[in-house]
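Spelled out from the first residue to the last, the chains are:
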Amino acid sequence: MAILRRNEWNFASTAAQAITRILQTPKFINSPLGRAEAELTELRGARRLDLVLFHRTDRDRPVVTAETKAPWAADGRTPFRSDVVEDAHAKASRCGAEYFITWNIKRAVVWRTDDPGVPLDQRAIHQVEIVSENLTSQADLARPQVIEQLEKGITDLVGYLDGLFTG
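What comes next concerns the included structure. What you see is a predicted model; the values in this text were computed from it and never measured. (Residues numbered from 1 in each chain as written. Predicted model: local features only at pLDDT ≥ 70, side-chain atom pairs only at ≥ 80, totals over all residues. Heavy atoms only, no water.)

Here we look at the overall build of the protein
Phase 1: Along its length, the protein carries three helices and six strands.
Phase 2: Helices and strands appear in the protein in the N-to-C order α-β-β-β-α-β-β-β-α.
Phase 3: In terms of overall dimensions, the protein is globule-like: its C-alpha atoms have a radius of gyration of 15 Å, near the 15 Å expected for 167 residues.
Phase 4: Buried residues in the protein amount to 43% of all 167 residues.
Phase 5: Relative to all contacts within the protein whose residues are 6 or more apart in sequence, the contacts with residues 24 or more apart total 50%.
Phase 6: When the accessible area of the protein is evaluated, it comes to approximately 9000 Å², of which 51% is carbon and sulfur surface.
Phase 7: Charge separation in the protein, taken as the distance between the mean sites of 22 positive and 23 negative side-chain charges, equals 2 Å. (Helix = DSSP H or I, 4+ residues; strand = E, 2+ residues; numbered from the N terminus. Rg over C-alpha atoms; globule rule 2.2 N^0.38 Å. Buried < 20%, exposed > 50% of the residue type's maximum accessible area, 1.4 Å probe, protein only. Contact = heavy atoms within 4.5 Å. Areas by Shrake-Rupley, 256 points an atom, 1.4 Å probe, with all protein chains shown as cover. Lys, Arg positive; Asp, Glu negative; His and termini not counted. Charge placed at Lys NZ, Arg CZ, Asp CG, Glu CD.)

Let's talk about the side chain of Asn104
Phase 1: If you trace the backbone, Asn104 turns up in the loop between strand E4 (99-103) and strand E5 (107-112).
Phase 2: Look at Asn104 and you get buried, because its relative accessible area is 4%.
Phase 3: Looking at Asn104, its side chain comes within polar contact range of the main-chain oxygen of Gly76, at 2.9 Å.
Phase 4: Looking at Asn104, its side chain comes within polar contact range of the main-chain oxygen of Arg77, at 3.4 Å. (Polar contact = N/O pair within 3.5 Å; in protein donor to acceptor, adjacent residues only side chain to side chain.)

Some points on the sheet that holds strand E2 (residues 48-55)
Phase 1: Within the open sheet, the six strands sit side by side as E1-E2-E3-E4-E5-E6. Their pairing is mixed. Two strands close off the open sheet at either side, each with one partner strand: strand E1 (33-41) and strand E6 (124-129). Each neighbouring strand pair of the sheet contributes to a mean axis angle of 20 degrees, computed without reference to strand direction.
Phase 2: Note that E5 and E6 share five bridges and pair antiparallel. Counterpart to Trp111 in the pairing with E6 is Ala124. (Pairing = 2+ DSSP bridges. Axes fitted to C-alpha atoms, helices over the stretch in contact; angles between N-to-C directions.)

Details of the side chain of His55
Phase 1: Within the secondary structure layout, His55 lies in strand E2.
Phase 2: Taking relative accessible area as the criterion, His55 reaches 15% and is therefore assigned buried.
Phase 3: Within polar-contact distance, the side chain of His55 engages the backbone nitrogen of Thr57 at 3.1 Å.
Phase 4: At 3.1 Å, the side chain of His55 forms a polar contact with the backbone nitrogen of Asp58.
Phase 5: Among residues more than four places away in sequence, those in contact with His55 are Pro32, Gly34, Arg61 and Val63.

Things to note about the pattern of salt bridges
Phase 1: Scanning the model with the defined rule gives 15 salt bridges in all.
Phase 2: Residue Arg47 pairs with Asp87 through a salt bridge whose shortest N-O separation is 2.2 Å. Taken together, the residues span a long stretch of sequence, with Arg47 in the loop between E1 and E2 and Asp87 in helix H2 (residues 82-95) at a distance of 40 residues.
Phase 3: Judged by its relative accessible area of 34%, Arg47 is partly exposed.
Phase 4: Here Arg81 and Asp83 are joined by a salt bridge, their closest N and O atoms 2.6 Å apart.
Phase 5: Arg81 sits in the partly exposed class, given a relative accessible area of 33%.
Phase 6: Asp83 sits in the partly exposed class, given a relative accessible area of 39%.
Phase 7: It is possible to trace a salt-bridge network through shared partners that takes in Arg47, Glu67, Lys69, Asp75, Asp87 and Lys91. (Salt bridge = Lys/Arg side-chain N within 4 Å of Asp/Glu carboxyl O.)

Observations regarding H2
Phase 1: Between its terminal C-alpha atoms H2 stretches 20 Å, which fits the 20 Å expected from 14 residues at 1.5 Å a residue.
Phase 2: Among the residues making up H2, those that are buried are Val84, Val85, Ala88, His89, Lys91 and Ala92. One side of H2 holds all its buried residues, which, seen down the axis, span an arc of 165 degrees.
Phase 3: On the buried face of H2, the contacting elements are E2, strand E3 (62-68), E4 and E5.
Phase 4: Gly96 sits one or two positions beyond H2 and adopts a positive phi of about 85 degrees. (Expected span 1.5 Å × (residues − 1). Arc of directions from axis to C-beta.)

Here it is as structure tokens:
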């Protein structure tokens, strides 16, 4: 029997489901943010977008993309890792998203995709701790206190993103 393991793709899927569920609550029913989907690929090219938030009424318009990494992986130790930020920016630019997120499960950083004259490393506009617990493996994501922190942290992140679009 094969031994199965989870990775950042599973987290992206779980986060997309949570974001979509949150956006369907009365608090966000008038939000310009409509839903989130995980693991989409570009029509032309092989790039995979971990997470995409779409506009509510213009349902095919991506407005925020996210690059997710696991904090126990080398490329997920910080959401400020330059190659991850550059890759996330390139993906957001190509699909026309106004903002992108680098997210290592513990911390999410929101970046402005296009900001003329401002270097990429200075476009971070918000960062939030999503999970304060130490995360050393995928199994940690099943702990009740981590699940609770993820739910609250993702709700807060959605609230911030909604504010970007509603003022």
